[in-house]
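Architecture at a glance
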Amino acid sequence: MTGILAILSGLAFGAILGAVFGFGASMTYEQVYGIQSGGSAMGGFFFIGPFGVIGGFLLGAGGYLHYNTGPKTFTSVLLWSGGIVLVLGLIGWVIPVFNKAGSRAAYNLELEFEVPAGSLKDYQDQYQFQWGYAGETKEEKADTNFYGYNCEGQSCVLKGAIQMSDNPSRRIALFAYNGTLQSFPIPLTGRVLAPTEWSPWQSGNQVRLRWMMRKAK
């Protein structure tokens, strides 16, 4: 009976710490990498959360046995192992934060794509549109979701952003809708050294683009 209760205690504590580590890392990375970077937040949940689950299980089971006269050696192994797992999880949690701080770009490229209001009816519809950026590489692929939009009158403006940490020979903004890819050249080469105002609108097939370089916060 003691073993079963220790397992149940471990499962309960593992679920709690797993949620704390997973959602905590997700919110941390969302703040650090920006709300438009959903992949970072998702990665924080799925890669850091398991440390909380495993460490919490070991500590929960070991703690129950400790306070219920369980085998001392086995109990110590559980407690020490759980503590080590949690420390490793915390290290894994903070490493991306320090990496980001050390490689943060000075400027962001802000993009606004204007589409007819009829093609975007609600929040879920924004995911039928995607955008991309071609810099150093020759690959032109729009596979990033917009992080927000605003509708007014007969048009809606979709918003995207990316850090300018490269030094490309070209810059191209890409827009994908219903399998059709459109490209818009950004006539600013080399490393970004100063912010800009919004560019004039460029017109494509039922979509317009404007861009600006903004000082990163």
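Residue indices begin from 1 for each chain and proceed along its sequence in written order. Selection of residues for local features in this predicted model requires a pLDDT of at least 70, selection of side-chain atom pairs for listing and counting requires 80 or more, and totals for whole chains, interfaces and linings are taken over all residues. Calculated side-chain values reflect all of the structure's heavy atoms, with hydrogen atoms and water omitted.

**Some details on the overall build of the chain**
For clarity, the cut-off: A helix here means a DSSP run of H or I that spans at least four residues, while a strand means a run of E at least two residues long, and both kinds are numbered starting from the N terminus. Taken over C-alpha atoms, the radius of gyration is set against a globule rule of 2.2 Å times the number of residues to the power 0.38. Note on classification: 1.4 Å probe, protein chains only; a residue is buried when its accessible area is under 20% of the maximum for its type, exposed when over 50%, partly exposed between these limits.
In terms of regular secondary structure, the chain is built from 3 helices and 9 strands. For the chain, the succession of helices and strands along the chain, N to C, is α-α-α-β-β-β-β-β-β-β-β-β. Relative to its length of 217 residues, the chain is extended, with a C-alpha radius of gyration of 24 Å against a globular reference of 17 Å. Dimensions of the chain, computed from C-alpha atoms along their principal axes, come out at roughly 75 × 40 × 25 Å. Out of the 217 residues belonging to the chain, those deemed buried represent 39%.

**A closer look at unusual backbone geometry**
Most peptide bonds take the trans configuration, and most residues that are not glycine carry a negative phi. Although it is not a glycine, Q206 sits at a positive phi angle of roughly 60 degrees. By the element assignment, Q206 lies in the loop between β8 (202-203) and β9 (208-215). The exposure class assigned to Q206 is exposed, which follows from its relative accessible area of 62%.

**Overview of the pairing of strand β2 (residues 129-134)**
Keep this limit in mind: Pairing between two strands is assigned when DSSP locates at least 2 bridges connecting them.
Extensive coverage of β2 is indicated by the burial of 5 of its 6 residues. Bridge count for β2 against strand β6 (residues 172-177) is 6 bridges, and the pairing is antiparallel. Across the sheet, A134 pairs through a bridge with I172, a residue of β6. Pairing geometry for β2 and strand β3 (residues 144-145), over 2 bridges, is antiparallel. Of the residues in β3, the one forming a bridge with Q130 is N145.

**Remarks on the sheet that holds β3**
What the 4 strands build is an open sheet, ordered β3-β2-β6-β7; its pairing is antiparallel. Each having just a single partner strand, β3 and β7 (180-185) make up the two edges of the open sheet.

**Observations concerning the pattern of salt bridges**
The condition is simple: Any carboxyl oxygen of Asp or Glu within 4 Å of a side-chain nitrogen of Lys or Arg constitutes a salt bridge here.
Scanning the entire structure with this criterion turns up 6 salt bridges. For K159, the salt bridge goes to E112, with nearest N and O atoms at 3.0 Å. Of this pair, K159 sits in strand β5 (residues 155-163) while E112 sits in strand β1 (residues 107-116); the two residues are 47 residues apart in sequence, bridging distant segments of the chain. A salt bridge links E112 to R210; its shortest N-O distance comes to 2.9 Å. Residue E112 is found in strand β1, and its partner R210 is found in strand β9; the two are separated by 98 residues along the sequence. For E112, a relative accessible area of 9% corresponds to the buried category. Taken together, the shared-partner salt bridges connect E112, K159 and R210 into one network.

**Observations concerning the state of the cysteines**
Note the threshold: Note that a disulfide, as used here, is simply two cysteine sulfur atoms within 2.5 Å.
According to the stated counting rule, one finds 1 disulfide in the structure shown. The residue that forms a disulfide with C151 is C156, at a sulfur-sulfur distance of 2.0 Å. Every disulfide takes its handedness from the sign of the S-S torsion; for C151 and C156 that torsion is 105 degrees, giving right-handed. Its relative accessible area of 37% is what places C151 among the partly exposed residues.

**Here we look at the confidence of the model for the chain**
As a reminder, the rule being used: Along the chain, pLDDT gives the predictor's confidence residue by residue, from 0 to 100.
Confidence along the chain averages 86 in pLDDT terms, with 93% of residues attaining 70 or more. Least confident of the elements in the chain is helix α3 (residues 72-103), whose mean pLDDT is 85; most confident is β8, at 96.

**Digging into the nonpolar core**
Rules: Side-chain atoms within 4.5 Å link the members of a nonpolar core, which is a set of buried Ala, Val, Leu, Ile, Met, Phe, Trp, Tyr and Cys residues. Here, two residues are considered to be in contact whenever any of their heavy atoms come within 4.5 Å of each other.
In terms of nonpolar packing, the biggest core is built from 22 residues, with L109, L111, F113 and F175 touching the most fellow members. Ranked by residues supplied to this core, first place goes to β1 with 5 residues. Discounting chain neighbours no more than four positions away, the residues touching F113 are W131, F146, C156, V157, L158, A173, L174, F175, F184, V207, R208 and L209. Formed by 7 residues, the second largest nonpolar core is a distinct cluster that contains L17, F21, Y29 and W93.

**Observations concerning the sheet that holds β9**
Pairing is antiparallel across the open sheet formed by 5 strands, whose spatial order is β4-β5-β1-β9-β8. In this open sheet, the two edge strands, each paired with only one partner strand, are β4 (148-152) and β8. Of the pairings in the sheet, the one linking β8 to β9 comprises 2 bridges and is antiparallel in character. If you follow S203 over to β9, its bridge partner there is R208.

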